[in-house]
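Structure at a glance
What follows is each chain in one-letter form.
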Amino acid sequence: MDLLRSEPMQLVQLIIPFESAHRTISYLGDLGLFQFNDLNAEKSPFQRTYAAQIKRCGEMARKLRFFLDQMIKAGLSPSSRSSAGPYVNLDELEVKLGELEVELVEMNANNEKLQRSYNELLEYKLVLQKASQFFHSAQNSAAAQHKEFESHILGEGSVDRPLLLEQEMSTDPSNQVKLGFVSGLVGREKSMAFERILFRATRGNVFLRQVVMEDPVIDPVSGDKVEKNVFVVFYSGERAKSKILKICDAFGANRYPFTDDQGKQYQMITEVLGKLSELKATIILNFTMNQKFIYFSREEYLITEMKLLQIVKVKKEKSIYHTLNMLSLDVTKKCLVGEGWCPVFARDQIQNVLQRATMDSNSQVGAIFQVLQTKESPPTYFRTNKFTSAIQEIVDAYGVAKYQEANPGVFTIITFPFLFAVMFGDWGHGICLFLATLYFIFREKKLSRQKLGDIMEMTFGGRYVIMMMALFSIYTGLIYNEFFSVPFELFGSSAYGCRDSTCRDDSTVGLIKVRDTYPFGVDPKWHGSRSELPFLNSLKMKMSILLGVAQMNLGIVLSYYNAKFFGNDLNIWYQFLPQMIFLNSLFGYLSLLIIVKWCTGSQADLYHVMIYMFLSPTDDLGENQLFFGQRFLQIVLLLLALVAVPWMLFPKPFLLKKQHEERHRGQSYAPLQYTDDGNSFELEIDHGSHGHEEFEFSEVFVHQLIHTIEFVLGAVSNTASYLRLWALSLAHSELSSVFYEKVLLLAWGFNNVIILIIGIVVFIFATVGVLLVMETLSAFLHALRLHWVEFQNKFYQGDGYKFSPFSFALISDDEE
């Protein structure tokens, strides 16, 4: 199998008898390798054959979700039995669900009514207790004041005092002012506004007393726990009472009756406590019956009798009828006709499924499987697994590959994590990233069944990509010799040493080479030296150019394989060849100079060589000459680059015009050779797709001009774009060095345990937050851009559409 190409597809027609249609679609959903085409696109959803069944399935799914919520509220876990089951009888299912829903709704209504009454009685009890305490304390205070007043009057010797006292005692009680009052509870956050509105509405002619409740109470209306205050409002007159009642309603205050008679207060409290006890027992009994009903329903109906009362299975039924609605009725109205795409390798599997559905449904007539020939472009299907699916999703986010187009995902599996690691190179950070990824990999079965947040869901989905990124980061970190910016002599001793035993000149004059070259990666002595930054800058910048030119060449080579596969000779001779010549005449030559300079240890200035290659190609190179014949080679390469531009621009439009004219004169017809693999329609697509189209030479020429300019300018800008590998690698290294030296080592230098602990904590948070999170995201996005823009635009069109088979495995639990 060609890994670069998508699976060969074929257009298939299915003729299915009515009696086996449901079972056939169900088995095809289990197989998940057939994409149905909608043959009733002109009809609305309500005009289709199985609209009523879809509506019934939706209603049953709603009822099942209601039962599931009730089971969770009752403390019963849903059944974890296998979802595999026999054929669903929708009539029995609908009747049972309707009966269960009616009974459960009635029980819930009774339970809510009892619970509300219970909560109202609880609030009433609190009002009676707090208000009676208030009245009792008020009466005691009044009696004490009255005694004090009497003793004060009797203690004075005035002649008038007894007369005034007798006059007061003989006053008619009917002439005294009688105050009314309203009691209840109001939300604590509303209490201040409640008091203010009462004062303003009655112009201060009320007296309000509030008592704060220590514990929150359950509101009878909302059922939520709310912090409330008990209040008593005293007023005079019916107008004031009317205003107070309206204000209580506006603030959602619950009013309860109360009396100032102590005997009646005691009687009311006793009655409320008795009713509370009765209601509590009734609620417990009702809850127990409700729980038993749900348990009985789950065990008796949902498992034993019906065996298929699960939301996912009802959704499967709904999806089956959705698919049946995409099939058309035969003229005899005795069978359904469907069309769709399937991979060539799945032909035998689909035929076996059709035969099994015919046998299981006891149908006298079997389904017919027929391959159709078409000019329509098939969908693109790449077989992936849990390791490669994330990489394929990254590629498909740019655009789904055209049918049989080269898949960049095959190379992206390696190049993407490697380019990320070039920017993220630190084997200490790579180990941290790898350990974090192992958590997701070892717990993937458990985590795959849980609902994670958006960020965690993306991280979990790309766990294998992140694992590859971490492993390559460890590799590049070993090359850079950085462990949290600290170098180690892992592969032997450094090749450099001091000039004498005192090492006095190591920071001024420098070190000398005392042994063989360090065997792997950067020599640890470079870190911390005066020339560390210039050396690493030169190394990483040149390495970035080499990697960029290599990957762009790979993209152009893949364009050759695309052109060869589709039989497009024009793209080979007038696109692939000039592009390879132009890119390698300039930047391929630069890569060659970099390698030669590394191998020979020359001091030549490559900037000077490349600039004067254009400005003065015939001048003597002098000390910048790296090899014999370099000047002649530069002139040849420059001429080739200049020739490649018109080579890309002019021939292709004229040749396309000539082909179009010849096609209309009948000079380029070729016989179609039908093969057994179902791909004979590709010949028609490639060679006959322009036969009935009008050829616009100006449009083709402008398109080719744009493509040529884009490539010429892109060759420069894309090569410069790969310098981000150097820039981000340098930034990551310097940030890591700053955190190590200015945080950890600085805290260590104070010789104080507290400061050291603070420094370690700050270092850990800075490393995790900045280097392991932000820098990981930054390097990931930059690697993504390098693949989408610099690599894939060399060969990848991405104008196809994805193969979307009818599969039960793709049904989401959140689907309506």
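Structural notes, computed from the coordinates. Because the structure is predicted, anything quoted here is derived from the model rather than measured.

**Re the overall build of the protein chain**
- In terms of helices and strands, the protein chain carries 24 helices and 13 strands.
- Counting the 816 residues in the protein chain, one finds 43% classified as buried.
- Long-range contacts, defined here as pairs at least 24 residues apart, represent 80% of the contacts in the protein chain between residues at least 6 apart.
- As presented, the protein chain carries roughly 45,500 Å² of accessible surface, and 59% of it is formed by carbon and sulfur atoms.

**A closer look at unusual backbone geometry**
- Look at N362: it is not a glycine, yet its phi comes out positive at around 55°.
- Mapping N362 onto the fold places it in the loop between α9 (347-360) and β11 (368-372).
- Despite not being glycine, S485 shows a phi value in the positive range, around 75°.

**Remarks on helix α20 (residues 651-664)**
- Helix length check: α20, at 14 residues, gives a terminal C-alpha distance of 20 Å against a target of 20 Å (1.5 Å per residue), a fit within 8%.
- Every buried residue of α20 is listed here: K652, P653, H660 and R663. Seen along its axis, α20 keeps its buried residues to an arc of 100°; they face one direction.

**Section: the packing of helix α16 (residues 532-565) against helix α24 (residues 753-791)**
- Two elements in contact, α16 and α24, have axes whose closest approach is 10 Å; the angle formed by their N-to-C orientations is 45°. Between α16 and α24, the angle falls in the class oblique. Crossing hand, α16 versus α24: right-handed. Within the contact between the two elements, α16 uses Q551, M552, L554, G555 and L558 and α24 uses H787, E790 and F791.
- In terms of residue class, the contact of α16 with α24 is made up of four nonpolar, three polar and one charged.

**So, the side chain of E444**
- Inspection of the secondary structure assignment puts E444 in helix α13 (residues 444-448).
- Not counting the four nearest positions on each side in its chain, E444 is found in contact with K386, F460, R463 and Y464.

**Some thoughts on the packing of aromatic side chains**
- In total, this model carries 35 aromatic pairs according to the counting rule given.
- Ring centres of Y398 and Y796 lie 5.9 Å apart, and the angle between their planes is 35°; on these two criteria the pair is classed as tilted. Residue Y398 is found in helix α10 (residues 389-398), and its partner Y796 is found in the segment after α24; the two are separated by 398 residues along the sequence.
- The partly exposed category is assigned to Y398, whose relative accessible area is 34%.

**Some details on the environment of L633**
- You can see L633 is positioned in helix α19 (residues 630-649).
- Looking at L633, the relative accessible area reads 28%, which means it is partly exposed.
- Once residues lying within four places of it in the same chain are set aside, the contact partners of L633 are Y589 and F627.

**Structural notes on the side chain of S20**
- Structurally, S20 can be placed in helix α1 (residues 18-31).
- A residue is classified by how much of its surface remains accessible, and S20, at 0% relative accessible area, is buried.
- Excluding residues that lie within four positions of it along the chain, S20 makes contacts with A357, T358, S361 and S363.

Each value, and the rule that gives it
- Residues numbered from 1 in each chain as written.
- Predicted model: local features only at pLDDT ≥ 70, side-chain atom pairs only at ≥ 80, totals over all residues.
- Heavy atoms only, no water.
- Helix = DSSP H or I, 4+ residues; strand = E, 2+ residues; numbered from the N terminus.
- Buried < 20%, exposed > 50% of the residue type's maximum accessible area, 1.4 Å probe, protein only.
- Contact = heavy atoms within 4.5 Å.
- Areas by Shrake-Rupley, 256 points an atom, 1.4 Å probe, with all protein chains shown as cover.
- Expected span 1.5 Å × (residues − 1).
- Arc of directions from axis to C-beta.
- Axes fitted to C-alpha atoms, helices over the stretch in contact; angles between N-to-C directions.
- Parallel < 35°, antiparallel > 145°, perpendicular 65-115°, else oblique.
- Left-handed = near helix turned anticlockwise from the far one by under 90°.
- Nonpolar A, V, L, I, M, F, W, Y, C, P; charged D, E, K, R; others polar.
- Phe/Tyr/Trp six-rings, centres within 6.5 Å; stacked < 30°, edge-to-face > 60°.

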